[in-house]
Amino acid sequence: SQQGEEDPQALSIQEGENATMNCSYKTSINNLQWYRQNSGRGLVHLILIRSNEREKHSGRLRVTLDTSKKSSSLLITASRAADTASYFCATDPGANNLFFGTGTRLTVIP
Amino acid sequence: EAQVTQNPRYLITVTGKKLTVTCSQNMNHEYMSWYRQDPGLGLRQIYYSMNVEVTDKGDVPEGYKVSRKEKRNFPLILESPSPNQTSLYFCASEGTGELFFGEGSRLTVL
């Protein structure tokens, strides 16, 4: 399978704590993206990191990419209750398709 | 407002009754795609289109058809739906590498 795999499957933290989610994949990629999905809603793009980048920031989000280990991590700092959602990594191998993992379900407790 | 619009959002139908899920985007994107989301399986691509009159199969195209007669529209057609097509369907269009998703269409086939 070309899908990424997120870890953990579920994560529950207190508001204000940091949340870290990991993604592992198997094929070479052009870029890796992270998406967020509120329950039953459409996915929303969060951040894209290219294969030649190692780290990227966007607001409270920090993404790292290690192509030698075929892994990425998404860090959400100072979490808020509104961050409660499922988070997906998606790999782009340049084949007109994004391959999504099964997601990490994050619950932020107020 | 930039958006991808799908209809219907919810549909219950019976085996064999043809149905169409419409998708429209207002961002002038050339690339559009359909995904289905099932528990434990993540998002899987059904069909994609690189431009008008150009469509191609994704990972799970069996039982589906698409057309791309206009740039903004990319309908998904189920000629003879079966219960295993019960799923949450998402249309997406691509701009600068990121996907913009519709809100989803929850389809139940009895």
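Let me begin by describing the structure that accompanies this report. Since this is a predicted model, take the numbers as computed values, not measurements.

About the thresholds
Residues numbered from 1 in each chain as written. Chains lettered and ligands numbered in written order. Predicted model: local features only at pLDDT ≥ 70, side-chain atom pairs only at ≥ 80, totals over all residues. Heavy atoms only, no water. Contact = heavy atoms within 4.5 Å. Buried area = accessible area lost by both parts, 1.4 Å probe. Salt bridge = Lys/Arg side-chain N within 4 Å of Asp/Glu carboxyl O. Disulfide = S-S within 2.5 Å. Helix = DSSP H or I, 4+ residues; strand = E, 2+ residues; numbered from the N terminus. Buried < 20%, exposed > 50% of the residue type's maximum accessible area, 1.4 Å probe, protein only. Pairing = 2+ DSSP bridges. Core = buried A, V, L, I, M, F, W, Y, C linked by side-chain atoms within 4.5 Å. Patch = residues over 30% accessible without salt bridge, like charges linked within 9 Å, V, L, I, M, F, W, Y side chains within 5 Å. Areas by Shrake-Rupley, 256 points an atom, 1.4 Å probe, with all protein chains shown as cover. Phe/Tyr/Trp six-rings, centres within 6.5 Å; stacked < 30°, edge-to-face > 60°.

1. Quick notes on the interface of chain A and chain B
- Contacts between chain A and chain B engage 18 residues on the former and 19 residues on the latter.
- Summed over both sides, the interface between chain A and chain B buries roughly 1,500 Å², with carbon and sulfur atoms accounting for 48% of that surface.
- A per-residue breakdown of the area chain A buries against chain B is headed by A:Leu43, A:Asn96 and A:Phe100, which together make up 31% of the total.
- Our enumeration of links across chain A and chain B arrives at one salt bridge.

2. Some words on the state of the cysteines
All names here are of chain B.
- All told, the structure shown has two disulfides over all chains when counted by the stated rule.
- Sulfur-sulfur distance for the disulfide between cysteine 23 and cysteine 91 comes to 1.9 Å. The disulfide joining cysteine 23 to cysteine 91 has a torsion of about -70° about its S-S bond and is therefore left-handed. Remark: cysteine 91 occurs in strand β9 (residues 87–95) and cysteine 23 occurs in strand β3 (residues 19–25); sequence separation between them is 68 residues. Cysteine 91 carries the same exposure label as cysteine 23, and that label is buried.

3. Quick notes on the sheet that holds strand β1 (residues 4–7) of chain B
Residue and element names in this part refer to chain B.
- Pairing in this open sheet of four strands is antiparallel, and the strands run β1-β3-β8-β7 from one edge to the other. One side of each edge strand has no neighbouring strand; the edge strands of this open sheet are β1 and β7 (65–66).
- Sheet analysis places β7 next to strand β8 (residues 76–78), joined by two bridges and oriented antiparallel. Considered in β8, the bridge of lysine 65 is made with isoleucine 77.

4. Considerations on the pairing of strand β6 (residues 54–57) of chain B
Residue and element names in this part refer to chain B.
- Looking at chain direction, strand β5 (residues 42–51) and β6 are connected through four bridges and run antiparallel. Counterpart to asparagine 51 in the pairing with β6 is valine 54.
- Turn length for the β5-β6 hairpin, with the two strands adjacent in sequence and antiparallel, is two residues, and the turn residue glutamate 53 shows positive phi of about 65°.

5. Describing the nonpolar core
Residues and elements named next belong to chain A.
- If you look at the biggest cluster of nonpolar residues, it comprises 21 residues, and the most contacted ones within it are Met21, Leu32, Trp34, Leu74, Ile76, Tyr87 and Leu106.
- Mapped onto this core, the elements with two or more residues apiece are β2 (10–14), β3 (19–24), β4 (31–37), β5 (43–50), β7 (61–66), β8 (71–76), β9 (85–92) and β11 (104–109).
- In contact with methionine 21, not counting residues within four places along its chain, are Asp7, Trp34, Ser72, Ser73, Leu74, Ile76, Tyr87, Thr104 and Leu106.

6. Some thoughts on a nonpolar patch on the surface
Residue and element names in this part refer to chain B.
- On the surface, Ile12, Val14 and Leu110 cluster together into a nonpolar patch covering about 320 Å² of accessible area.
- Residue placement: isoleucine 12 occurs in strand β2 (residues 10–13).
- According to the relative accessible area criterion, isoleucine 12 is exposed, its value standing at 62%.

7. A short note on the pattern of salt bridges
Residue and element names in this part refer to chain B.
- Counted by the stated rule, this structure contains eight salt bridges over all chains.
- Here lysine 18 ties to glutamate 79 by a salt bridge, and the two come within 3.9 Å at their closest N and O atoms. Of this pair, lysine 18 sits in the loop between β2 and β3 while glutamate 79 is found in the loop between β8 and β9, placing the two residues 61 residues apart along the sequence.
- Taken together, the salt bridges that share partners define one network made up of Lys18, Lys65 and Glu79.

8. Focus on the packing of aromatic side chains
- Under the counting rule described, the total for this entry stands at eight aromatic pairs over all chains.
- Between A:Tyr35 and B:Phe101 the ring centres are 5.8 Å apart and the planes differ by 85°, which places this aromatic pair in the edge-to-face class. With one member in each of two chains, A:Tyr35 in strand β4 and B:Phe101 in strand β10 (residues 98–101) form a pair that bridges those chains. Comparing A:Tyr35 with B:Phe101, the two get one shared label, buried.
- A ring pair is formed by B:Tyr35 and B:Phe101, whose centres lie 6.0 Å apart and whose planes are at 45°; its orientation type is tilted. Of the two residues, B:Tyr35 sits in strand β4 (residues 31–38) while B:Phe101 sits in strand β10, which places them 66 residues apart along the sequence.

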